[in-house]
Amino acid sequence: MAKIIGGITTSHIPAIGVAMDKGLENDPYYRDLFAIYPPIRQWLNDEKPDIAVLFYNDHGLEMFLDKKPTFAIGCAPEYQNADEGWGIKPIPPVTGETELSWHIVNHLIEHDFDPTVCQEIKVDHGATVPLTLLWPNFAYQGIKVIPISINCERHPMPKPSRSYALGLAIGDAIRCWERDAKVVVLGTGGLSHQLDGQRAGILNAEFDNYCMDKLVSDPEALCVYSNLDLIEKGGAQMVELAMWMAMRGCIKGEVEERLRNYVSPISNTAVGVQLLIPKA
Amino acid sequence: MTEYKMKNVEGTIHFDGEMATKGFRFNKMCYSFNNEEGRQAFRDDPEAYMEQYRLSEEQKQAVRDKDIIRMLELGGSIYYMAKFAGIFGWNMQVIGGMQSGRTTEEFKAYLDSQGRGKKSNG
């Protein structure tokens, strides 16, 4: 049977991808941020997951407003990246895992979750920056990836509780897949930030740390928030907590927090990174 | 009937159905800036490009004025506006400053003051 060996939260800020392209990992501005990644990569290298289930939000590369799914799951053998218009360098294709994708889709629909099913989608920096951070030098091509996107752009967006419930259902689906595979789950994006409006630039370290604490000990405590609550506390793009909630739902139950980092700001954003290991 | 309208948050324009309806053509134009051909066509003749996407006169004026807040008020989504900004080489700190009436350096200092630059936070 498939096994979920851990969950990782990580930012997907484009500036981080650009910093990697330029070899700025040791630059004073980025040093504290990048310090967390070698131990996480070491863990990945030791544990060797076969598949990464990756929750991200598309920022208008593939999913324009004309047809914008609330939840969408990739069921493709390969995912291309492309020009996003502001200069991040596209990366070579990401390999998919169609059999598990379809298993998840079948399981979800059987359990009353109805995602959009995508047999061909481009993935943007929301997916590619985390993959590049965790498996640099194109090593992400050595694992199979299932991208699952959550609408974080246009209201109405799924409630945090709903993203958590989606994660619970996907976690159950993975655990009942009759293949011996090790799966790591990635929740990307966050934490506090606001890009738009006169309020742009707001950050909230206290709330970010509260979220990271609760994500470990009591994720359901975060299900009480509406997206409006998140916006008030951590800015318009704090709604990206959705992907963290989905990741945590997949793991469910008790977890050990193996690693944590928090650096704020990078670009306009507070960056949180956590490695969570399910207990037993 | 359920009340769906989101409560006002100062300095924030919720990108909801109403705004998305208002901004659809503007956002569609900015979405085309994912491609270099679209970016080049805009650089070559912004007025013709805006006309091609049937922007409203108000939206055209906001683009001419490079008025980010006005673009948001007219239904712009920051996701696509980032692609518009890419044409001018503006990153998110530049945009942040433009929206909050700060220089880019002042905006960066404001960000830092809430994080690494904050004394109590180390």
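Our structure is the block above this text.
All of the points below concern the structure found in this document. (Residues numbered from 1 in each chain as written. Chains lettered and ligands numbered in written order. Predicted model: local features only at pLDDT ≥ 70, side-chain atom pairs only at ≥ 80, totals over all residues.)

Turning to the nonpolar core, a few remarks are in order. Soluble globular proteins tend to pack their nonpolar side chains together in the buried interior. Membership of the largest hydrophobic core comes to 121 residues, with the highest contact counts inside it found for Val53(A), Leu54(A), Phe55(A), Val185(A), Ala246(A), Cys250(A) and Met81(B). Looking at which domains feed residues into this core, each of domain 1 (13–88) and domain 2 (91–122) of chain B gives three or more. Discounting chain neighbours no more than four positions away, the residues touching Ala246(A) are Phe55(A), Ile150(A), Ser163(A), Tyr164(A), Leu166(A), Gly167(A) and Gly187(A). (Core = buried A, V, L, I, M, F, W, Y, C linked by C-beta atoms within 7 Å. Buried ≥ 20, exposed ≤ 12 C-beta atoms within 10 Å, placed from the backbone. Domains from an automatic or database assignment. Contact = placed C-beta atoms within 7 Å.)

Now for the packing of helix H1 (residues 17–31) of chain B against helix H6 (residues 78–88) of chain B. Residue and element names in this part refer to chain B. Taken N-terminus to C-terminus, the directions of H1 and H6 make an angle of 50°; their axes are 8 Å apart at the nearest point. Our classification of the angle between H1 and H6 gives oblique. In the crossing of H1 with H6, the sense of the turn from one axis to the other is left-handed. Of H6, the residues touching H1 (which contributes Asn27, Cys30 and Tyr31) are Tyr80, Met81, Lys83 and Phe84. (Axes fitted to C-alpha atoms, helices over the stretch in contact; angles between N-to-C directions. Helix = DSSP H or I, 4+ residues; strand = E, 2+ residues; numbered from the N terminus. Parallel < 35°, antiparallel > 145°, perpendicular 65-115°, else oblique. Left-handed = near helix turned anticlockwise from the far one by under 90°.)

Let us now look at the environment of Gly253(A). Residues and elements named next belong to chain A. Relative to the helices and strands, Gly253 resides in the loop between helix H9 (241–251) and strand S9 (255–266). Residue classification places Gly253 among the exposed residues on the basis of 8 C-beta atoms within 10 Å. Taking the C-alpha atoms as reference points, Gly253 and Ile109, 144 residues apart in sequence, are found 23 Å from one another. The contacts of Gly253, once residues within four sequence positions are left out, are Pro278 and Lys279.

Counting residues at the interface gives 43 residues for chain B, matched by 32 residues for chain A. If you list the elements that add at least two residues to the side of chain B that touches chain A, you get H1, helix H2 (36–44), helix H5 (68–73), H6, helix H7 (92–100) and helix H8 (104–113) of chain B. Per element, the largest residue contribution to the side of chain B that touches chain A is seven residues, and it comes from H6(B). Tallied by class, the residues present in the side of chain B that touches chain A amount to 20 nonpolar, 15 polar and eight charged. (Nonpolar A, V, L, I, M, F, W, Y, C, P; charged D, E, K, R; others polar.)

All names here are of chain A. By the criterion of burial, strand S8 (residues 182–188) is predominantly enclosed, with six of the seven residues buried. Two strands pair when backbone bridges link them, and strand S1 (residues 3–10) and S8 are joined in this way by seven bridges, in the parallel orientation. By the bridge assignment for S8, Thr10 is matched with Thr188. Pairing analysis gives five bridges linking strand S2 (residues 51–56) to S8, with the strands arranged parallel. Within the sheet, the bridge partner assigned to Ile51 lies in S8 and is Val183. (Pairing = 2+ DSSP bridges.)

So, to be careful, I would describe these as geometric facts and stop short of saying anything about function.
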